[in-house]
Amino acid sequence: MSDEIIDLKDVLERVQDDKELLDELFDIYQEDFVIKRKALGDAIAAHDIPKIKEIAHSMKGSSGNISAKPLHAACLKLEMLAKDGKTDGMQEVAVAIDGYFEEVKIFAACFKKDLAV
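Here the structure is a predicted model, which is why all the values come from computation and not from measurement.

(A) Structural context of the overall build of the protein. Broken down by element type, the protein carries five helices and zero strands. For the protein, the α and β elements follow one another from N to C terminus as α-α-α-α-α. For 117 residues, the compact-globule estimate of 2.2 N^0.38 gives 13 Å, and the protein sits close to it at 15 Å. Each of the three principal axes of the protein carries a C-alpha extent, and together these read 45 × 20 × 20 Å. When each of the 117 residues of the protein is scored for burial, the buried share is 38%. Approximately 6,700 Å² of the protein is accessible, and the part contributed by carbon and sulfur atoms is 55%. Of the charged side chains in the protein, 16 are positive and 24 negative; the average position of the first set lies 4 Å away from that of the second.

Dropping the structure here:
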């Protein structure tokens, strides 16, 4: 597994090396992310800057909690765009967030598979 999308050492330290707990956290994270991403898409389409900032902040925090560093950084970038009131570039950042999330899903699936062995 690649540590680039998720810093496994960091997140395992965070959960005191409880791999079953981390597996559950990955599942919860993914379910929550899908809901937040839909809301984010709606907020971007509506140019609702306060909502974009709120959702990006929440996604940033949850991504940080599982040490998904590139995803965390992309959410921070989106949050900063919203904080500055800049809608230009938001869609591109949202696309990058989607790509990182796909990588997180692959990482989590590999982690689950390795855990079962």
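There is more to say after this.
(B) A negative patch on the surface, seen in detail. A surface patch of negative charge is lined by Asp17, Asp18, Glu20 and Glu24. Position of Asp18 relative to the elements: it lies in the loop between α1 (8-14) and α2 (19-45).

(C) The arrangement of the pattern of salt bridges in detail. Under the counting rule described, the total for this entry stands at 10 salt bridges. One salt bridge in this structure joins Lys69 and Asp7, with 3.0 Å as the shortest N-O distance. Of this pair, Lys69 sits in helix α4 (residues 69-83) while Asp7 sits in the segment before α1, and the two are 62 residues apart along the sequence. The exposure class of Lys69 is partly exposed, given its relative accessible area of 44%. The exposure class assigned to Asp7 is partly exposed, which follows from its relative accessible area of 23%. Between Lys112 and Asp27 there is a salt bridge whose closest N-O contact spans 3.2 Å. Here Asp27 lies in helix α2 and Lys112 lies in helix α5 (residues 90-116), a separation of 85 residues in the sequence. On the basis of relative accessible area, Lys112 is assigned to the partly exposed category, the value being 35%. Each of Asp23, Asp27 and Lys112 takes part in salt bridges that share partners, so that together they form one network.

(D) Structural detail: the packing of helix α3 (residues 49-65) against α4. At their nearest, the axes of α3 and α4 sit 8 Å apart, and the two run at 160 degrees to each other. On the basis of the axis angle, α3 is roughly antiparallel to α4. The two elements α3 and α4 cross, and the hand of that crossing is left-handed. Of the residues in α4, those touching α3 at Ile49, Ile52, Lys53, Ala56, His57, Met59, Lys60, Ser63 and Gly64 are Leu71, His72, Cys75, Leu76, Leu78, Glu79, Ala82 and Lys83.

Criteria and cut-off values
- Residues numbered from 1 in each chain as written.
- Predicted model: local features only at pLDDT ≥ 70, side-chain atom pairs only at ≥ 80, totals over all residues.
- Heavy atoms only, no water.
- Helix = DSSP H or I, 4+ residues; strand = E, 2+ residues; numbered from the N terminus.
- Rg over C-alpha atoms; globule rule 2.2 N^0.38 Å.
- Buried < 20%, exposed > 50% of the residue type's maximum accessible area, 1.4 Å probe, protein only.
- Areas by Shrake-Rupley, 256 points an atom, 1.4 Å probe, with all protein chains shown as cover.
- Lys, Arg positive; Asp, Glu negative; His and termini not counted.
- Charge placed at Lys NZ, Arg CZ, Asp CG, Glu CD.
- Patch = residues over 30% accessible without salt bridge, like charges linked within 9 Å, V, L, I, M, F, W, Y side chains within 5 Å.
- Salt bridge = Lys/Arg side-chain N within 4 Å of Asp/Glu carboxyl O.
- Axes fitted to C-alpha atoms, helices over the stretch in contact; angles between N-to-C directions.
- Parallel < 35°, antiparallel > 145°, perpendicular 65-115°, else oblique.
- Left-handed = near helix turned anticlockwise from the far one by under 90°.
- Contact = heavy atoms within 4.5 Å.

None of this, on its own, says anything about what the molecule does.
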